[in-house]
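# A look at the structure
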Amino acid sequence: MSMRQVFAWVVAFIVALYLARQVRKPNKWIGRPFLWLMNRSHSTLTDWGLQYVAIRKDFRILDIGCGGGRTIQKLAAIATEGFVCGVDYASGSVAVSRSKNAQLIKNGSVEVHHASVSQLPFPDSSFDLATAVETQYYWPDLVNDMKEVRRVLKSGGRLVVIAETYRGGRLDNVKGPAMRLLKSADLSASDHRQLFLLAGYDDVQIIEEKNRGWICATGRKPITAG
């Protein structure tokens, strides 16, 4: 292999790593196209997953890893008398989410915060529902992060995790290598169930859309008396 070919491979590898980082944590400028694409590509997946949780119009909802803000928009259209709060650890995602939901933010029905799932800036028992669409792969400490989400849920509140690939799913052979490049968690359906249980949730449900390779996992914060 010539030096020119070696150089070309090195450059291609560096570019691939950079683009992978943008998928995982988009910045304000280069990451914007990825966020727009995510809004489009994840829309049908999100609609499919949300059908497995009951959402009242007065719910307070937390969307974790809000990305480009499309899920916030969908949730606000359902919880018309409630409140939706998005959080993301990427500055680019926060900027795009705020732009996409500018009118809802102005109306006071939506907020978007720059924050990590590992340290959510909310009091205990703040939300009726938490959603995580195509983001749980990247959480740094899955069990403790799931416990942190449980902390901010009300008694009986639910967390729903929606993903377009999982270990053992139909598209795992195709998408698995890319997810490993992104250093993401590689969970099977049974792993998802065990994770919810380890983090202290009950009434855990796992739904697989096997033809598309999708998964939806939900769990409830145990109901306490009083």
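Residues numbered from 1 in each chain as written. Predicted model: local features only at pLDDT ≥ 70, side-chain atom pairs only at ≥ 80, totals over all residues. Heavy atoms only, no water.

### Some remarks on the packing of aromatic side chains
Rules: In this scheme Phe, Tyr and Trp rings, the latter by its six-membered ring, pair at centre separations within 6.5 Å, and the angle between planes marks the pair as stacked below 30 degrees, edge-to-face above 60, and tilted otherwise.
Following the criterion strictly, the structure yields 5 aromatic pairs and no others. Summarising the aromatic geometry, the rings of W48 and Y52 are spaced 5.5 Å apart at their centres and angled 75 degrees between planes, so their arrangement reads as edge-to-face. Ring pairing ties together the aromatic residues W48, Y52 and W214, which thus form one cluster.

### Some points on the confidence of the model for the protein
Selection rule: Residue-level confidence of the predictor is what pLDDT reports, using numbers from 0 through 100. Any two residues whose heavy atoms approach within 4.5 Å are treated as being in contact.
For the protein, mean pLDDT is 84; residues scoring 70 or higher make up 75% of the total. When the criterion is pLDDT under 50, residues 5-24 qualifies, and its contacts beyond four places in sequence or with other chains add up to 22 contacts. Segment residues 28-32 is flagged for pLDDT under 50; beyond a separation of four residues in sequence, or across chains, it makes 9 contacts in the model.

### Digging into the sheet that holds strand 5 (residues 153-163)
In any sheet, the strands associate via hydrogen bonds between backbone groups, in a parallel or an antiparallel arrangement. The condition that has to hold: Whether two strands pair depends on DSSP finding at least two bridges between them. Strands are runs of DSSP state E lasting at least 2 residues, helices are runs of H or I lasting at least 4, and numbering of each runs from the N terminus. Angles run from 0 to 180 degrees between N-to-C directions of axes, and those axes are lines fitted to C-alpha atoms, restricted for helices to the stretch in contact.
Spatially, 3-2-1-4-5-7-6 is the arrangement adopted by the 7 strands of the open sheet, whose pairing is mixed. Edge strands, defined here as strands with exactly one partner in the open sheet, are strand 3 (110-114) and strand 6 (202-209). Within the sheet, the average angular offset between the axes of one strand and its neighbour, ignoring direction, is 15 degrees. For strand 2 (residues 83-88) and strand 3, the ladder comprises 5 bridges, and the chain directions are parallel.

### As for the pattern of salt bridges
Under the convention used in this document: Here a salt bridge means any side-chain nitrogen of Lys or Arg lying within 4 Å of a carboxyl oxygen belonging to Asp or Glu. Only protein chains enter the accessibility calculation, which uses a 1.4 Å probe. A residue is then buried if its area is under 20% of the maximum for its type, exposed if over 50%, and partly exposed in between.
The tally for this structure, following the rule as stated, stands at 10 salt bridges. The salt bridge involving R167 is made with D191; its shortest N-O contact spans 2.3 Å. Placement of the pair is R167 in the loop between strand 5 and helix 8 (172-181) and D191 in helix 9 (residues 189-198), with a sequence separation of 24 residues. According to the relative accessible area criterion, R167 is partly exposed, its value standing at 36%. You can call D191 partly exposed: its relative accessible area is 26%. When salt bridges that share partners are traced, they join D124, E148 and R151 into one network.

### Things to note about the packing of helix 7 (residues 142-152) against helix 9
Worth spelling out the cut-off: Between 65 and 115 degrees an angle is taken as roughly perpendicular, under 35 as roughly parallel, over 145 as roughly antiparallel, and anywhere else as oblique. By convention the crossing between two helices is left-handed if the near helix lies anticlockwise of the far one by an angle smaller than a right angle, and right-handed if it lies clockwise. Note that Gly is not counted as nonpolar here; it falls among the polar residues with everything else outside the nonpolar set of Ala, Val, Leu, Ile, Met, Phe, Trp, Tyr, Cys and Pro and the charged set of Asp, Glu, Lys and Arg.
Packing of helix 7 against helix 9 leaves a shortest axis separation of 9 Å and a crossing angle of 55 degrees. Considering the angle they form, helix 7 stands oblique to helix 9. Judged by the twist between their axes, the crossing of helix 7 over helix 9 is right-handed. Residues L142, V143, M146 and K147 of helix 7 touch helix 9, and the partners they reach there are L195, F196 and L198. Residue composition of the contact of helix 7 with helix 9, grouped by class: 6 nonpolar, no polar and 1 charged.

### Comments concerning the side chain of T71
With respect to the element layout, T71 can be found in helix 4 (residues 70-78). A residue is classified by how much of its surface remains accessible, and T71, at 9% relative accessible area, is buried.

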